[in-house]
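The lines below spell out each chain.
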2 protein chains.
Amino acid sequence: MAFHLLQRDRPGAERLAMAMGAALERVHHCERCNNFSEEPVCALCRSPRRNAQLLCVVESPGDLLMMEQAQCFDGHYFVLMGALSPLDGVGPRDIHLERLLARAADGVVREVMLATNFTVEGEATAHYAAELLRAKGVQVTRIARGLPVGGELEHVDSGTLAQAVMERRGV
Amino acid sequence: MAFHLLQRDRPGAERLAMAMGAALERVHHCERCNNFSEEPVCALCRSPRRNAQLLCVVESPGDLLMMEQAQCFDGHYFVLMGALSPLDGVGPRDIHLERLLARAADGVVREVMLATNFTVEGEATAHYAAELLRAKGVQVTRIARGLPVGGELEHVDSGTLAQAVMERRGV
């Protein structure tokens, strides 16, 4: 991309440079949800139409977008901007857990839903965050793990099947 | 395969023909679980090491094998040998639901776990079977549906994510 811009589209390169410079200057983290925002508190956190009693914890801004696209959640978010990964040197401080605790203890939030990925890092993060949150007396839930849409027993892996059986629920 | 056997391996073809003939003669359905078996009651149904209070309902013998490979279930099974599919002309009678009801009402079974696929047919079958079983006073559960192992929010479909949020549970 760099070679193309330098050789064939120098005005485009200048526009890109200015846009990136402006973004670096203007885009910061929202004080409440930690997502990227141009204002101190982002539009989603300010919206009166969201359910303030529900707080969903996701790993990245991309995950928040996926949740919004799925239209399955109308509460507020907290974006960790990462997941616990000791091997990569990412500890509890790097994912702003103390800010999450303060956010969840605002007196309005009734339930914190942990929507981290179903990966080793995501599970570790969910376990660790759940312990801290429970110690503060907050109700904690975890999104379900099991068969995905279209999932056939014959074609899912043993781990998913075992999880689906373990987390079965009354109907 | 037919051309290969006829041209290059006629003794093999004869062995295959005899084996298939013998299988057709000897293999029937187990009286209890409806799975294929050479005896009236299969080895799994006769085993004293299985938990007789748990009954898992699966669509096919292949699904039963997957459950056994995942080593996540130690109860008994019932194999429907299909799933409800009105478009294909498969109704409640074709999947032996009346036999399942009789099997579940043996006085020992405490919980019937519906492990049909997370497909349209599997879901319809689970709903229908659950209604009939509940009417008989049997406790019914459904395996969990949500994020599969390794599932990242950014890469799962909206349906799976919505299901995972809807079926979230306290931790």
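Please refer to the structure placed before this passage.
Reading the values: rules and limits
- Residues numbered from 1 in each chain as written.
- Chains lettered and ligands numbered in written order.
- Predicted model: local features only at pLDDT ≥ 70, side-chain atom pairs only at ≥ 80, totals over all residues.
- Heavy atoms only, no water.
- Contact = heavy atoms within 4.5 Å.
- Buried area = accessible area lost by both parts, 1.4 Å probe.
- Salt bridge = Lys/Arg side-chain N within 4 Å of Asp/Glu carboxyl O.
- Polar contact = N/O pair within 3.5 Å; in protein donor to acceptor, adjacent residues only side chain to side chain.
- Helix = DSSP H or I, 4+ residues; strand = E, 2+ residues; numbered from the N terminus.
- Nonpolar A, V, L, I, M, F, W, Y, C, P; charged D, E, K, R; others polar.
- Pairing = 2+ DSSP bridges.
- Axes fitted to C-alpha atoms, helices over the stretch in contact; angles between N-to-C directions.

A. Spotlight on the interface of chain B and chain A. Taken together, the 48 residues of chain B in the interface contact 48 residues of chain A. Interface area, chain B with chain A, both sides summed: about 4300 Å², of which 63% is carbon and sulfur. Counting across the interface, chain B meets chain A through four salt bridges. The residue A:Arg169 makes a salt bridge to B:Glu167 at a minimum N-O spacing of 3.6 Å. Linking chain B to chain A there are 26 residue pairs in polar contact (both at pLDDT 80 or more). Of all elements in the fold, only β3 (51-58), α4 (61-70), β5 (111-114), α6 (120-135), β6 (139-142), α7 (158-166) and β7 (169-170) of chain B reach the threshold of two or more residues within the side of chain B that touches chain A. When residues of the side of chain B that touches chain A are assigned to their parent elements, the largest contribution, seven residues, is made by α7(B). The residue makeup of the side of chain B that touches chain A, split by class, is 23 nonpolar, 14 polar and eleven charged. The pairing of strand β7 (residues 169-170) of chain A with β6(B) spans two bridges and is classified as antiparallel.

B. Inspection of the pattern of salt bridges at higher detail. Tallied over the full model, the rule gives 16 salt bridges over all chains. Through salt bridges with shared partners, a single ionic network connects A:Glu123, A:Arg142, A:Arg145, A:Glu167 and B:Arg169.

C. Representation of the sheet that holds β7(A). Read from one edge to the other, the open sheet built from five strands follows the order β7(A)-β6(B)-β5(B)-β3(B)-β4(B), with strand pairing classed as mixed. Single-partner strands in this sheet number two, and they are β7 of chain A together with β4 (75-79) of chain B. Where β3(B) meets β5(B), four bridges bridge the pair, whose relative direction is parallel. Considered in β5(B), the bridge of B:Leu55 is made with B:Val112. Sheet strands touched by α4(B): β3, β4 and β5 of chain B. Its angle to β4(B), the strand with the most contacts, is close to 160°.

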